[in-house]
Amino acid sequence: MPYNFDEITIRRGSGSVKWDATPEEVIPLWVADMDFTVAPAIQRAIQTRANHGIFGYAQVPPAYYEAIVRWFQSRHGWTINPEHILYTTGVIPAIAAALRAVTLPGEKVLIQSPVYNCFYYSIRNAGCEALDSPLVLGDDHRYTINFADLEAKASDPRCTAMLLCNPHNPAGRVWTPEELQRIGEICHKHGVRVLCDEIHCELIMPGFKFTPFATLQEPWVKDAVVMNSPSKNFNIAGLQVANLIVPNDTLRRHIDRAINLHETCDLNPFGIDALIAAYNENGDWLDELNQYLWQNFLALQEFVTKELPFCPLTPLEGTYLAWLDVSRLDIPTTKIEASLKETEHVWVNSGTLYGQEGFLRINLATQRSRLLEGLRRMATGLMRLSHDNSPAY
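The structure reproduced in this document is the subject of the present report.

Calculation criteria
Sequence positions are assigned chain by chain, starting from 1 and proceeding in written order. Confidence filtering applies because this is a predicted model: local features only for residues at pLDDT of at least 70, side-chain atom pairs given and counted only at 80 or more, and all residues used for totals across whole chains, interfaces and linings. Note that water and hydrogens are dropped before the side-chain values are worked out from all heavy atoms of the structure. Helix and strand labels come from DSSP, where a helix needs a run of H or I of at least four residues and a strand needs a run of E of at least two; each type is numbered from the N terminus. C-alpha atoms define the radius of gyration, and 2.2 Å times the number of residues to the power 0.38 defines the globule rule. Note on exposure labels: buried denotes an accessible area under 20% of the residue type's maximum, exposed denotes more than 50%, and partly exposed covers the range between, all computed with a 1.4 Å probe on protein chains only. Any two residues whose heavy atoms approach within 4.5 Å are treated as being in contact. Per-residue accessibility takes into account occlusion by the displayed protein chains alone, with areas from the Shrake-Rupley method and a 1.4 Å probe. The convention is simple: Lys and Arg are positive, Asp and Glu are negative, and His and the chain ends are not counted. The atom standing in for a charge is NZ when the residue is Lys, CZ when it is Arg, CG when it is Asp and CD when it is Glu. Here a pair means two rings of Phe, Tyr or Trp (six-membered ring of Trp) with centres within 6.5 Å. Their orientation is stacked below 30 degrees between planes, edge-to-face above 60, and tilted elsewhere. Any carboxyl oxygen of Asp or Glu that lies within 4 Å of a side-chain nitrogen of Lys or Arg is treated as forming a salt bridge with it. Here the rule is simple: two strands pair whenever DSSP picks up at least two bridges between them. In protein, a polar contact means a hydrogen-donor-capable atom and an acceptor-capable atom, both N or O and within 3.5 Å, with residues adjacent in sequence counting only if both atoms are side-chain atoms; elsewhere, any N or O pair within 3.5 Å suffices. All axes here are fitted lines through C-alpha atoms, helices being fitted over the stretch that makes contact, and every angle between N-to-C directions spans 0 to 180 degrees.

### Notes on the overall build of the protein
Then step 1. What the protein contains, in helices and strands, is 13 helices and 14 strands.
Then step 2. Taken against the 2.2 N^0.38 rule, which gives 21 Å for 393 residues, the C-alpha radius of gyration of the protein at 21 Å falls within 12% of a compact globule.
Then step 3. For the protein, the spread of C-alpha atoms along the principal axes amounts to about 60 × 55 × 35 Å.
Then step 4. Sorting the 393 residues of the protein into buried and exposed places 56% on the buried side.
Then step 5. Within the protein, contacts between residues at least 6 apart in sequence are counted, and of these 74% link residues at least 24 apart.
Then step 6. Accessible area of the protein: about 16300 Å², with a carbon and sulfur share of 52%.
Then step 7. Of the charged side chains in the protein, 33 are positive and 45 negative; the average position of the first set lies 2 Å away from that of the second.

Structure (structure tokens):
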């Protein structure tokens, strides 16, 4: 059945961070949250749970694990042993637990900037230091990996873990099997544990294919940790449910201990039922969502080409987060973000949040009419700033 992603939903007053933390007149294209009603199966599951009328402590049932195993097997050809699954309240708590299990304070954790801002916080909170191997921006504005630099950084004796983002936020890359293989080989060679954040794994644009890190046919894969969740893919982040897949028995015990020590070991009943419903979906809603997001990106691409030719756009392979190069304005992007929000009433994220100056991150997961209005406001603001600053472009 077709789903109406164009339907405008009013979310102000619902306690939504994206909307209620945004002034009334501002279009929010910032935080990674979608403006689409969730799949009907998830709505029904939540309504059924609400009708139950009792919301005490929840026990995670066998159906929870069965749904995860079934989904990833049918969707991605990844056979997961249910005994390897640890649940927690979100991917960030999962990252925190994994870091505390595999690193010691003072050690280094490898990242690839620009990257999700919470990576920096989680590493710092674990008492570790972020060791950056920056992605390389090509002439086509597509990011690639500098494997020589990655290996040089991985060889640092203080480097004991790598936080890998696949698909990559905000660079929009869906890493190929060959790229993942090379990352895994380098990390294995230097004793660096791979902690792979795959939270956007279902948000894949047409023509691209997601490869779970755990499906690489190498013995060292069993020592990696994969973290995923239906939260981004099915728009249920507020229900706070995520999983770690940890084949290594000893490591799994250590991570389980970290989850319990930091008291992120209990799920709420709505999150449990929403995950089961999401992963028991046949995928139609998700497939249509990705098509809609892709059309949004094409609309953005066309708009930028016509109205902002001095702002190159990074190709989008996965996620719903576009990455716009505004470096030719030669204005700090924190200033651009603030100006657009205050003067043009549109809110996007500054690239400095993700470790790269000169870029803006734009959330495409909204109704196309709202996106286009936000883009028109952005264009007005960026043209004004370029005129005021008189950049050479």
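### Concerning the packing of aromatic side chains
Then step 1. Per the counting criterion, the structure on display carries 20 aromatic pairs.
Then step 2. Plain terms: the ring middles of Trp30 and Trp347 are 4.0 Å apart, the flat faces sit at 10 degrees to each other, and that makes the pair stacked. Placement of the pair is Trp30 in the loop between β1 (27–28) and α2 (40–52) and Trp347 in strand β12 (residues 346–347), with a sequence separation of 317 residues.
Then step 3. Taking relative accessible area as the criterion, Trp30 reaches 13% and is therefore assigned buried.
Then step 4. Summarising the aromatic geometry, the rings of Trp294 and Phe297 are spaced 5.7 Å apart at their centres and angled 25 degrees between planes, so their arrangement reads as stacked.

### Description of the pattern of salt bridges
Oppositely charged side chains are able to pair whenever their charged atoms sit close together.
Then step 1. The full count for this structure, using the stated rule, is 20 salt bridges.
Then step 2. In this structure, Asp35 and Lys18 form a salt bridge, with 3.3 Å as the shortest nitrogen-oxygen distance. Highlighted residues: Asp35 in the loop between β1 and α2 and Lys18 in helix α1 (residues 17–20), separated in sequence by 17 residues. Accessibility assignment for this pair places Asp35 and Lys18 in one class, buried.
Then step 3. The salt bridge involving Lys108 is made with Asp156; its shortest N-O contact spans 2.7 Å. One end of the pair, Lys108, is in strand β3 (residues 108–111); the other, Asp156, is in the loop between α6 (147–154) and β7 (159–165), with 48 residues separating them in the sequence. An identical accessibility class is assigned to Lys108 and Asp156; each is buried.
Then step 4. Counted as one network, the salt bridges with shared partners bring together Arg142, Arg173, Glu179 and Glu317.

### Remarks on the sheet that holds strand β14 (residues 359–363)
Then step 1. Strands sit in the order β11-β14-β13 across an open sheet of three strands; the sheet is antiparallel. A strand with exactly one partner marks an edge of an open sheet, and here the two such strands are β11 (321–325) and β13 (349–350).

### Details of the side chain of Ser350
Then step 1. Summarising the element assignment, Ser350 is placed in strand β13.
Then step 2. Relative accessible area serves as the criterion here: at 2%, Ser350 is assigned to the buried category.
Then step 3. Only 3.4 Å separates the side chain of Ser350 from the backbone nitrogen of Thr334, close enough to count as a polar contact.
Then step 4. Filtering out sequence-adjacent residues up to four positions away, Ser350 remains in contact with Thr333, Thr334, Glu337, Phe359 and Leu360.

### Here we look at the environment of Gly351
Then step 1. Of note, Gly351 is situated in the loop between β13 and β14.
Then step 2. Relative accessible area serves as the criterion here: at 0%, Gly351 is assigned to the buried category.
Then step 3. Ignoring sequence-local partners within four residues, the contact set of Gly351 consists of Trp323, Thr333, Gln356, Phe359 and Leu360.

### A word on the sheet that holds β3
Then step 1. Taken in spatial order, the seven strands line up as β2-β10-β9-β8-β7-β3-β4 in an open sheet, and their pairing is mixed. Only two strands of the sheet have a single neighbouring strand rather than two, namely β2 (85–88) and β4 (129–132). Put simply, the sheet's adjacent strands are angled 25 degrees from each other on average, direction ignored.

### Brief notes about unusual backbone geometry
Then step 1. Between Ser113 and the following residue, Pro114, the backbone shows a cis peptide bond with an omega angle of 0 degrees.
Then step 2. Mapped onto the fold, Pro114 is located in the loop between β3 and α5 (117–125).
Then step 3. The step from Asn169 to Pro170 runs through a cis peptide bond, and the omega angle for that step is 15 degrees.
Then step 4. Tracing the backbone shows Pro170 in the loop between β7 and α7 (177–189).
Then step 5. The phi dihedral of His141 is positive, around 65 degrees, even though this residue is not glycine.
Then step 6. Relative to the helices and strands, His141 is located in the loop between β5 (136–137) and β6 (143–144).
Then step 7. Relative accessible area serves as the criterion here: at 13%, His141 is assigned to the buried category.

Limitation: the analysis is restricted to geometry and does not speak to function.
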